[in-house]
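Okay, here's what each chain looks like letter by letter:
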Amino acid sequence: MATIPATPAFADSVRDRQWYLQSLKISQAHTISTGSGVVVAVVDTGTYPHPDIRNNLREGTDLTGGASGNGKSDANGHGTRMAGLVAGHGHGSDSGIEGVAPSANIIPVRISRTGKEIDPEMVTSGVQWATENGAKVINISLSTGPSFDLNDAVGGAIESDIVVVAPVGNAASDAVVNYPAAFDGVLAVGATGRNGKYSSASVKSKRTQICAPGVDIISTQPKSNYGTATGTSDSTAIVSGAAALVRAKFPQLSAEEVVHRLTATADDIGPPGRDDECGYGRLNIVKALTADVPPLEGGVSASPSAVVSTPAAGSVSSASSVEGSGQEASPGGSGAGLVFGGIAAAAVVGGGLLFFVLRRRRVR
């Protein structure tokens, strides 16, 4: 992930620096759904129990053999960033990070300690563990090289009705989309900037399906810190949060229909139709929660009047949480080597790929 220098962020300024909350109309979205009851697995460097996320943090696993064993340690900080973007609940009154799905539960799946040279077999094990332990959304804000085992694990997750979300890559370090975003069935995410347009930080590819904010994104860092970064990792976590909101609002929808709803309601911001920059367009969370979206052929329709997701008790804020130093983590602590540290692959792995034929009906 590419990072940018930033001044220290104190508790009373963090929420103000979440510029994308307004552009995504998060306040309006939260009157409809907060992601209650949805479990999101963050396959990453672990998730530290930061004051802004610890109420939503469940027991996970540490596949690296770390001492904690439950995934709640993070020497790198990248996984903690992603968890905050997905399900941060802040602390006190309007302080700290507000996640896209502040009532969703996070299960941390630690597959790397350093965030560098990601082993595809570790990612494979992480996806399998998340699949077997109740995840409804799997956020994989990283990339690695091709692997038949990883392909099988991702395919197994999708067959188990799990939304799998991954980044297309950062243009500064990647020429093509890496894995698992290159696998069919994975929701591949690119980045937009503050202007709401495609960001040059994001790799262009026919694999891209949707874009979300990915520039100047502030989030949680161990232990009570905050850091600002730019990259498609952040965009991916934001889309994973949106998937949790949709799954809570429309529990009858399959994972494939959730992806369809997110892409069918995206705002077309490039050339008409699907393009290599942002796929079907820019994430529109409110529209995904309210629009009348025709289902895929043979799918189940969802009425926007479905039951509204409400916050779980004690999950949205924690008045008893005490902010630590309040200092922003240095750019070096946000996982520069994690995202897209794997081998670039120019072609999709052959043999055994799971193909989905999605007949899109764009909602205007």
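That block above? That's the structure.
From a predicted model like this one, the values you see are computed outputs, not experimental measurements.

Novice: What is the right way to look at the nonpolar core in this model?
Specialist: Here is a general trend for soluble globular proteins: nonpolar side chains tend to be buried in one another's company. Leu262, Leu283 and Ile285 are the most contacted members of the largest nonpolar core, which has 51 residues in total. Looking at which element gives the most residues to this core, the answer is helix H7 (residues 232-249), with nine residues. Ignoring any residue separated from it by four or fewer positions in sequence, one finds Leu262 in contact with Leu187, Ile210, Ala242, Ala243, Val246, Leu283 and Ala288. Core analysis: the second largest hydrophobic core is formed by 31 residues, Ala130, Ala135, Leu142 and Ile158 among them.

Novice: When you look at the packing of aromatic side chains in this model, what are you seeing that I'm missing?
Specialist: The relative placement of two aromatic rings is captured by the distance of their centres and the angle of their planes. Under the counting rule described, the total for this entry stands at two aromatic pairs. Aromatic side chains Trp19 and Tyr20 sit 6.1 Å apart centroid to centroid with 85° between the ring planes, which places their arrangement in the edge-to-face category. Here Trp19 and Tyr20 have matching classes, each one buried. The cationic tip of Arg261 hangs over the ring face of Phe250; the distance from NZ or CZ to the ring centre is 4.3 Å.

Novice: Any chance you could explain empty space enclosed by the protein here in plain terms?
Specialist: A water-sized probe, rolled over the atoms, reveals where empty space remains. For the structure on display, the rule yields one cavity of 30 Å³ or more. Taken as a whole, the largest cavity holds about 50 Å³ of empty space. Around the largest cavity sit Leu253, Glu257, His260, Arg261, Val293, Pro294, Pro295, Val300, Ser301 and Ala302, which together line it. Its residues placed into classes, the lining of the largest cavity shows six nonpolar, two polar and two charged.

Novice: What am I meant to see in the pattern of salt bridges here?
Specialist: Opposite charge on two side chains makes pairing possible when the charged atoms of those side chains draw close. This structure, assessed with the given rule, holds twelve salt bridges. The partner of Glu59 in a salt bridge is Lys72, and the shortest N-O contact between them spans 3.1 Å. One end of the pair, Glu59, is in the loop between strand S2 (39-44) and strand S3 (61-62); the other, Lys72, is in the loop between S3 and helix H4 (78-87), and 13 residues separate them in sequence. In this structure Lys72 comes out as partly exposed when scored by relative accessible area, which is 23%.

How each quantity is defined
Residues numbered from 1 in each chain as written. Predicted model: local features only at pLDDT ≥ 70, side-chain atom pairs only at ≥ 80, totals over all residues. Heavy atoms only, no water. Core = buried A, V, L, I, M, F, W, Y, C linked by side-chain atoms within 4.5 Å. Buried < 20%, exposed > 50% of the residue type's maximum accessible area, 1.4 Å probe, protein only. Helix = DSSP H or I, 4+ residues; strand = E, 2+ residues; numbered from the N terminus. Contact = heavy atoms within 4.5 Å. Phe/Tyr/Trp six-rings, centres within 6.5 Å; stacked < 30°, edge-to-face > 60°. Lys NZ or Arg CZ within 6 Å of the ring centre and 35° of its normal. 1 Å grid on protein atoms, 1.4 Å probe; cavity = no way out; pocket = protein on both sides within 12 Å on 5 of 7 lines; lining within 4 Å. Points joined across faces, edges and corners; volume = space filled by probe spheres on them. Nonpolar A, V, L, I, M, F, W, Y, C, P; charged D, E, K, R; others polar. Salt bridge = Lys/Arg side-chain N within 4 Å of Asp/Glu carboxyl O.

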